[in-house]
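# Fold and contact review
Read off the chains here:
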Amino acid sequence: MINRIVEGLRDLARPVGQSVFAVLVGLSIGALIMIISGNNPIAAYYALFKGAFGSLSGWLQTLTFATPLMLTAITFAVGMKAGIFNIGAEGQVYVGAVGAAWVGGWIALPAGLHVAAATAFGMLFGVLWALPAALLKIWRGVHEVISTIMFNWIAFYFAMFLVGHLAGERAELTKPAMASARYAVLGESLTSVIFVVIALCVLVYILLWRTRTGYELRLAGSNPDAARYAGISVRRAILISFIVGGLAAGLAGAAQVLGGHPSWALFKGMGNVANYGFMGIGIALIGRNHPIGGIFAAIFYGGLLNGRIAMQAEAGVYSELVYVILGIIIISLAIPDLLAIVKKRFK
Amino acid sequence: MIAKPEKAVSKIYVVSDIGGRGDLSFNDMAFKGGEEAEEIYGVEMVELISTTEADYLPNLRTAARDSDTVLVVGVGYLLTDALLEVAQEYPDKNFAGIDTFTYWAALDAGITPPPNMMDIVYEEHKGSALVGALGALLAIHYDKPHIGGVFGIEIPVLWKFEIAYKWGAEWAVRWYESNYPSDYAAEPSTSIVNTATDKRVLYTYTGTFSDITKGYEAASVMYDEDAVAVFNIAGPLGLGINQAVDEIATAQSLTQGPPFWIGVDANQDWINPGFVISSMMKRVDFGVTRATELVRKGLFRDAIEESPTGMLLGIGTEVAGIPMEGISVSTLADLDEFIEMGVAAEERTGESVLPMTPDEIRTTAAALRAAQPDWIWTAVGELADKIRAGDPIADLDGDGELETVPAATTQEVVDSWRAIFG
């Protein structure tokens, strides 16, 4: 028993260590940039981490920023586990938000049922938007990077068009979700949708590591030939990874609308849902493509997103710097894998 | 940490919307106002940039929590919900919103409009009518069939720009017809007067206040259709319009328009002298300084009580009995102030922003204006006088009654005008 725990910890130590190292590299280079541009990095990081994690209200706001990121990280992570480079979360978030805004704002349902139905529709819409790329991959071999990028753009304009048709009195956003379709505000901007989100992360973890389907999916991803030899359908694994990814991204969109205090709506320019899909790729990498790792990575990055406000207010450092830090972290994470590929090539 | 010497600072926070710093128009004008408030009223300005709508609430709350804060200014219509929320959470702090409508949003939600929240609104329609007239007159002069407008996100504030811009263009065509009837009859087929009324103004809502390439794409199409000038009503997207103009200028070795573009909010004439014919100035900076002044004099809440729907800045407007305007068409006289804005942007970003030296900008801009015939400026001046006088001006909707420049803020009104002007 103890051996198993020690073994488990040892397995965990390497990826966690790599992530922590990459984060430190990112923060260090961020500090360097601040020094070059004449800012005090110690004061800046102090303000950032105090703002993000130094108080209850800080934590609540950090978790608000982290909520959609936990989900979009799953979309990418599950794809990676199945050997797929699914970068379609961005568009699936938009379409999921449309689904939630539609049911939440336009269809009156009894309290309790309403919020559940609106959430479910958001997730369903996310899946529907994920399916074409999945089917193109399975039937025609279309590379998922190409198809998902294209579907992201289609989703952007399609969602803008739909927002126009779902608008209430104000043209720039959908009709706000009715009170019965809103998640309760817990404090700051955080709503109870966080519990649904974490539940989904745990469910995905169970699916991947505690079920036969999950085992087959991971095997198909890590060694498709062996999987085929063992009679596992790689196509089925791909399809499942897209569906799970669509569910997660759709929920992210729904969470931004039904838990989107104070407007409870989708903005026409996609302003309150934009970029979470792309950020999720980085979060997934930091979380080592693991649903639970993704939760921690999302909280870390949510902290950066939240703390950057205090950093800007108190230390005068432009908030865009945190995006630079995320970029550097991702590059740092990719370097060991890149080196491995190079080594293999020149052996 | 080393203890800092205690001194009493008063801070104003300027919270941008998603356009952010560097648009050289709407948001930068607000920060410019903050800098002026620092000088005039001895406050310290803190800038908070919003990159997404998710930043609005935490930005505003961070600003309100600072014990030194005397005023929080939210810049942009989209901050309405968030400002209303935070103004209620922090009743001891003062809040102002540029282009916001918290008063009406509060009434809609069935709550009392907070006494610490001031909406600052502008008469964009009046200035837009003037540049619409200018554009159409240029189209007449250069025998071009269209003028254009590149818009951001479709919000009611932008409807005011759109409808009045079209209205001003129509007014100009009629002005030309009645003042130069024989020339009007002799206009070639490519002239805007011979374009169908609903096709004269080309316009696109790009759905963004930040994606500059969309401004470029939208404007390129309009210039391909031979629009003489394109009005920027989308903040930084003006830089995309400018890029489209630059391409044409380079391809045809032009040093002066047409094609032209028309700036917005700031005096943007300096961005590309010779090609920016004029700008519809919306003095967002005045809104910030005026609100700060009211706070400093202890009159902020009185001013809200006096005009709960908001502080209105426009042409011929007054606030608390003092003439306080906020809308005008750019002149050569106010160019210097904005060249400085470009200089400041260069210092901040370390990148070259000014296209030429300040002196060259002045002479080029003056030469551009001098190159246009006098009757164009006479006509624009005439419309400006009529707007200032406040009387009904023309009957362009054909209902048999003269109207003032329409301020379209509802879908029905917008639709009725679009039925006429396209």
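Please refer to the structure placed before this passage.
Since the model is a prediction, treat every value here as computed from it, not as a measurement.

## Focus on the overall build of chain A
When helices and strands are counted, chain A shows 13 helices and two strands. Rg of the C-alpha trace for chain A: 21 Å, near the compact-globule value of 20 Å for 347 residues, within the 12% margin. Dimensions of chain A along its principal axes, counting C-alpha atoms only, are 65 × 55 × 40 Å. Expressed as a percentage of the 347 residues in chain A, the buried residues total 54%. For chain A, long-range pairs separated by at least 24 residues make up 78% of all intrachain contacts whose partners lie at least 6 apart in sequence.

## Thoughts on the sheet that holds strand E5 (residues 117-122) of chain B
Residues and elements named next belong to chain B. Judged by pairing direction, the sheet is parallel, and its six strands sit side by side in the order E2-E1-E3-E4-E5-E11 without closing on themselves. Of all strands in the sheet, those bounded by a partner on one side alone are strand E2 (44-48) and strand E11 (311-313). Shown here is a sheet whose adjacent strand axes are inclined to one another by a mean of 20°, direction ignored. Bridging between strand E1 (residues 11-15) and E2 involves five bridges; their strand directions are parallel. Residue pairing in the sheet places Tyr-13 in a bridge with Val-46 of E2.

## Re helix H9 (residues 238-251) of chain B
Residue and element names in this part refer to chain B. Between its terminal C-alpha atoms H9 stretches 20 Å, which fits the 20 Å expected from 14 residues at 1.5 Å a residue. Looking at H9, one finds that the buried residues are Gly-238, Leu-239, Gly-240, Ile-241, Asn-242, Ala-244 and Val-245. Buried-residue contacts for H9 involve strand E6 (146-151), helix H8 (212-224), strand E8 (227-233) and strand E9 (260-265). Immediately beyond the C-terminal end of H9, within one or two residues, lies Ser-253, with a positive phi of roughly 50°.

## Side note on the interface of chain B and chain A
Counting from both sides, the interface comprises 23 residues of chain B and, opposite them, 20 residues of chain A. Listing elements by their share of the side of chain B that touches chain A, those giving two or more residues are E2, helix H2 (56-65) and helix H3 (80-89) of chain B. Top element by residues in the side of chain B that touches chain A is H2(B). It accounts for four residues. Residue classes in the side of chain B that touches chain A are distributed as 11 nonpolar, seven polar and five charged.

## Re the packing of helix H3 (residues 56-81) of chain A against helix H7 (residues 193-210) of chain A
All names here are of chain A. Closest axis-to-axis distance for the H3/H7 pair is 10 Å, and the angle between their directions is 20°. It follows from the interaxial angle that H3 and H7 lie roughly parallel. Like other packed secondary-structure pairs, H3 and H7 cross with a definite hand, here left-handed. On H7, the residues that touch Leu-63, Thr-67, Met-70, Leu-71, Ile-74, Val-78 and Lys-81 of H3 are Val-193, Ile-194, Val-197, Leu-200, Cys-201, Val-204 and Leu-208.

## Describing the nonpolar core
Among the nonpolar cores identified, the biggest contains 253 residues, and A:Leu258, B:Val73, B:Ala133 and B:Ala229 are the most heavily contacted of them. Inspection of this core shows a minimum of three residues originating in each of domain 1 (11-122 + 284-324) and domain 2 (125-281 + 328-421) of chain B. Beyond its immediate sequence surroundings of up to four residues, B:Ala229 is in contact with B:Gly135, B:Leu138, B:Ile147, B:Pro259, B:Phe260, B:Trp261, B:Ile262 and B:Ile277.

Rules used throughout
Residues numbered from 1 in each chain as written. Chains lettered and ligands numbered in written order. Predicted model: local features only at pLDDT ≥ 70, side-chain atom pairs only at ≥ 80, totals over all residues. Helix = DSSP H or I, 4+ residues; strand = E, 2+ residues; numbered from the N terminus. Rg over C-alpha atoms; globule rule 2.2 N^0.38 Å. Buried ≥ 20, exposed ≤ 12 C-beta atoms within 10 Å, placed from the backbone. Contact = placed C-beta atoms within 7 Å. Pairing = 2+ DSSP bridges. Axes fitted to C-alpha atoms, helices over the stretch in contact; angles between N-to-C directions. Expected span 1.5 Å × (residues − 1). Nonpolar A, V, L, I, M, F, W, Y, C, P; charged D, E, K, R; others polar. Parallel < 35°, antiparallel > 145°, perpendicular 65-115°, else oblique. Left-handed = near helix turned anticlockwise from the far one by under 90°. Core = buried A, V, L, I, M, F, W, Y, C linked by C-beta atoms within 7 Å. Domains from an automatic or database assignment.

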